[in-house]
Amino acid sequence: MRKIIAVFIIIVLTIFAVPMTISSVFRLTENKAEPIADGDAITAGSFSQPFSISVWNTETNKVENIEFEEYITGVLAGEMPPTYSIEALKAQAVAARSFILSKAEDYFSGKIPEQHHGAMICTDPGHCKAWNKLSSAKKTWDIRYANDYENKIKSAVSLTSGEYMTYDNKVVKAYFYAMSSGRTENVKDVWGVALPYLKSVSSREDIGSDGFESMFTIEKDAFIQRLKAQRPNIEISDIYSMVSGIKRTEGGGVDKIKIGNEEFSGTEIRKIFDLRSTNFDVEYKNNKVTFRVKGYGHGVGMSQNGANVLAESGMKYDEILKHYYSGVSIVNLYKKG
Ligand SMILES: [Zn+2]
């Protein structure tokens, strides 16, 4: 299998790398030489420390090689408030490691998205994960607590060094987001592909948290205009009964919504009106349309706020992870000794 992949890579490089400079080809092969032990998948205990991953930095527009554990501290600094409990930060470190390793697996199997410019991952939060160098993040924190936060993030990473999640011995695509609407979403209901460990589970700890509910109000004409931009044939004859049916997912998000003569998915509506989640209700009053929204984010996998509430109630990081990711195991990437 490795031979087949090697041949495939040579063909791909021959086809696409011709216009590239010699140095960038070397950079690619140099990264390619990073350890993948037996077989083509990432397996527990197969990596020697330290190892580096290649990252397309969207700020510097460069591929950088960064030591993996150091990279995880940057993801923590970029993705979770340092005020959160240590067990929530540890859960986040393991989830981030799993997520990034799942991207590395894509890379090793030759699936390299254009946005990565030949690297394993990128620092675009909309595509991979946000990343903030710990030293830069520190400058944005309250100076009175900055050292404590830095130490907390470093401990969360070192106390879980190398730990990531698997299901059926495969790396878990550990999606996470800010706050659920009370339940998490089945991944199939959001992105159409089922994964056994990304099932809808309770996250009632989120209910009533700061920022749990948000509102978005828009004038009727602007509302119709935005919908028309996506569906030019939409007709809304009676604005009072414009929304004639909402079907919801098991997680509570809007699966389908009928507006006028057109049907939209909740994800489409979320995008069109820039809503915090797909869990919304719609109201029409005084010529204005109002969305009342619960939660923040796509709802698949771990709720960061929920993880923090569970951590504050005494739950350990591994229990938090096993709550949000059904049936997973936590294993270690690094060779022992
Ligand atoms: Zn990316």
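Before going into details, it helps to say that this report is about the structure given with it. For every chain, the first residue of the written sequence is number 1, and numbering continues from 1 along that sequence. In view of the model being predicted, local features appear only for residues whose pLDDT reaches at least 70, and side-chain atom pairs are presented and counted only at 80 or more, with totals across whole chains, interfaces and linings using the full set of residues. Hydrogens and water molecules were not included; the side-chain quantities draw on all heavy atoms of the structure.

### Considering the overall build of the chain
Strands here are runs of E lasting at least two residues and helices are runs of H or I lasting at least four, both read from the DSSP assignment and numbered beginning at the N terminus. The number of helices and strands found in the chain is 11 helices and 14 strands. A simple rule labels every residue: compare its accessible area, found with a 1.4 Å probe on the protein chains alone, to the largest value its type can have, and call it buried under 20%, exposed over 50%, or partly exposed in between. The proportion of buried residues among the 337 residues of the chain is 47%. Contacts were defined at the residue level, with two residues in contact if any of their heavy atoms lie within 4.5 Å. The contacts in the chain between residues at least 6 apart in sequence include a share of 65% that link residues at least 24 apart. In the form shown here, the chain has an accessible surface area of approximately 17100 Å², with 51% of it arising from carbon and sulfur atoms. To measure how exposed things are, a 1.4 Å probe is used in the Shrake-Rupley method; for residues, cover is taken only from the protein chains shown.

### Quick notes on empty space enclosed by the protein
Cavities and pockets are found on a 1 Å grid laid over the protein atoms alone: a cavity is a set of points where a 1.4 Å probe fits but cannot escape, a pocket is an open set with protein on both sides within 12 Å along at least five of seven lines, and a lining residue has an atom within 4 Å of such a point. Grid points are joined across faces, edges and corners, and a volume is the space filled by probe spheres set on the points. In the structure shown here, the tally under the stated rule is two cavities of 30 Å³ or more. Approximately 70 Å³ is the volume found for the largest cavity. The wall of the largest cavity is formed by 14 residues, among which S181, E185, S277, G297 and G299 lie closest to the centre. Residue classes in the lining of the largest cavity are distributed as two nonpolar, nine polar and three charged. Residues are grouped as follows: Ala, Val, Leu, Ile, Met, Phe, Trp, Tyr, Cys and Pro are nonpolar; Asp, Glu, Lys and Arg are charged; every other residue, Gly included, is polar.

### Side note on the environment of P82
Position of P82 relative to the elements: it lies in the loop between α3 (68-79) and α4 (86-108). P82 sits 64 residues away from A146 along the chain, and the two C-alpha atoms are 9.0 Å apart. Apart from residues no more than four positions distant in its own chain, P82 is found in contact with L89, W141, Y149, K152 and I153.

### Observations concerning the packing of aromatic side chains
Pairing of aromatic rings covers Phe, Tyr and Trp, the last through its six-membered ring, and needs centres within 6.5 Å; plane angles under 30 degrees mean stacked, over 60 mean edge-to-face, and all others mean tilted. Across all of its chains, the model carries 15 aromatic pairs by this definition. Between Y145 and Y149, the aromatic rings sit 6.0 Å apart at their centres with planes inclined by 40°, giving tilted as the arrangement. Taken together through their ring pairs, the aromatic side chains of F216, F223, F273, F280 and F291 make up a single cluster. Lysine NZ or arginine CZ positioned within 6 Å of the ring centre and within 35 degrees of the ring normal marks a charge as sitting over the ring. Seen from the ring of F99, K129 lies directly overhead, with NZ or CZ sitting 4.4 Å from the centre. Looking at K129, its charged tip hangs above the ring of F176, at a distance of 4.4 Å from the centre.

### Things to note about unusual backbone geometry
With an omega dihedral of -10°, the bond running from Q49 to P50 counts as a cis peptide bond. Assignment of secondary structure puts P50 in the loop between α2 (22-32) and β1 (52-57).

### Details of the coordination of the zinc ion
In this analysis a donor is any N, O or S atom within 2.8 Å of a metal ion (3.2 Å for sodium, potassium and calcium), and since water is not included, sites may seem incomplete. Ligation of the zinc ion by protein atoms is provided by H116 (NE2), C122 (SG), H127 (ND1) and C128 (SG), these donors lying 2.0 to 2.3 Å from the ion. Irregular is the label for any site that misses the other tests, which are tetrahedral for four donors with all angles between 85 and 135 degrees, and square planar for four donors or octahedral for six when opposite donors exceed 155 degrees and the remaining angles lie between 65 and 115. Bound by four donor atoms, the zinc ion shows angles of 98 to 118° at the metal and therefore tetrahedral coordination geometry. Counting the intervening residues between successive donors of the zinc ion yields the motif H-x5-C-x4-H-C. Judged by relative accessible area, which is 1%, C122 ranks as buried. We classify H127 as partly exposed; its relative accessible area is 23%.

### A few points about the sheet that holds strand β14 (residues 329-332)
Spatial strand order, β5-β4-β14: three strands in an open sheet with antiparallel pairing. With one partner strand each, in any of the chains shown, β5 (170-171) and β14 form the two edges of the open sheet. Sheet analysis places strand β4 (residues 163-167) next to β5, joined by two bridges and oriented antiparallel. Bridge pairing in β5 places T166 opposite V171. Here, axes are lines fitted to C-alpha atoms. For helices the fit covers the stretch in contact, and angles between N-to-C directions go from 0 to 180 degrees. The sheet strands contacting α4 are β4 and β5, and the helix crosses β4 at an angle near 65°. Should DSSP find at least two bridges between two strands, the strands are regarded as paired.

### Notes on the packing of α4 against helix α10 (residues 304-312)
At their nearest, the axes of α4 and α10 sit 7 Å apart, and the two run at 135° to each other. When the axis of α4 is compared with that of α10, the two are oblique. As α4 packs across α10, the resulting crossing turns out to be right-handed. Across the interface between the two elements, E87, A88 and Q92 of α4 pack against Q304, A307, N308 and A311 of α10. Here the residues of the contact of α4 with α10 are counted per class, giving three nonpolar, three polar and one charged. To sort the angles, those under 35 degrees are grouped as roughly parallel, those over 145 as roughly antiparallel, those from 65 to 115 as roughly perpendicular, and the leftovers as oblique. Handedness of a crossing follows from how the near helix is turned relative to the far one, being left-handed for an anticlockwise turn of less than a right angle and right-handed for a clockwise one.

### Examining the sheet that holds strand β10 (residues 262-265)
Think of a sheet as strands paired side by side through backbone hydrogen bonds, with each pair either parallel or antiparallel. Pairing is antiparallel across the open sheet formed by three strands, whose spatial order is β8-β9-β10. A single partner strand is all that each edge strand has here, and the edge strands are β8 (243-248) and β10. Within this sheet the neighbouring strands show an average axis-to-axis angle of 15°, counted without direction. Judged from the five bridges that link them, β8 and strand β9 (residues 254-259) form a sheet pairing that is antiparallel. What sits directly across from I246, in β9, is I257.

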